[in-house]
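Okay, here's what each chain looks like letter by letter:
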Amino acid sequence: MKRYNLYLDNGVMGAVDSVAQDIGIPRSQIFRHYAEVIASKYLNIAKAMAKILPKKKSAWDDLIGSVHVRNDNDVSFARRPDINYLQD
């Protein structure tokens, strides 16, 4: 378990202290439980959004399928001289 600092308003701390005293548990346990519950809720939201929202595509993904080769020859532009492509 790691230790973290929380900066809360005095009113919130007063309410948490009051609840902790009434039910007889330390306020740190209340914060741990709260963090676990909220984290699981946000995780459920993230999973639901991943199902709905499209995945981010890179610019390279848009180029897939844009080059159509009309013959069965090997297409390796790296093996050809660059001079052929630099001529106007």
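Summary of the structure given here. Everything numeric here is computed off the predicted structure, so don't read it as measured data.

Definitions and limits used
- Residues numbered from 1 in each chain as written.
- Predicted model: local features only at pLDDT ≥ 70, side-chain atom pairs only at ≥ 80, totals over all residues.
- Heavy atoms only, no water.
- Helix = DSSP H or I, 4+ residues; strand = E, 2+ residues; numbered from the N terminus.
- Expected span 1.5 Å × (residues − 1).
- Buried < 20%, exposed > 50% of the residue type's maximum accessible area, 1.4 Å probe, protein only.
- Arc of directions from axis to C-beta.

### A closer look at helix 1 (residues 10-23)
- Between its first and last C-alpha, helix 1 extends 20 Å over 14 residues, near the 20 Å set by a 1.5 Å rise per residue.
- Those residues of helix 1 that sit buried are Met13, Val16 and Ala20. For helix 1, the arc enclosing every buried residue in end-on projection is 65°, short of the 170-degree limit, so these residues lie on one face. Residues of helix 1 that are exposed and point over 90 degrees away from its buried face: Asn10, Gly11, Gln21 and Asp22.
- Count one or two residues on from helix 1 and you reach Gly24, which has phi positive near 75°.

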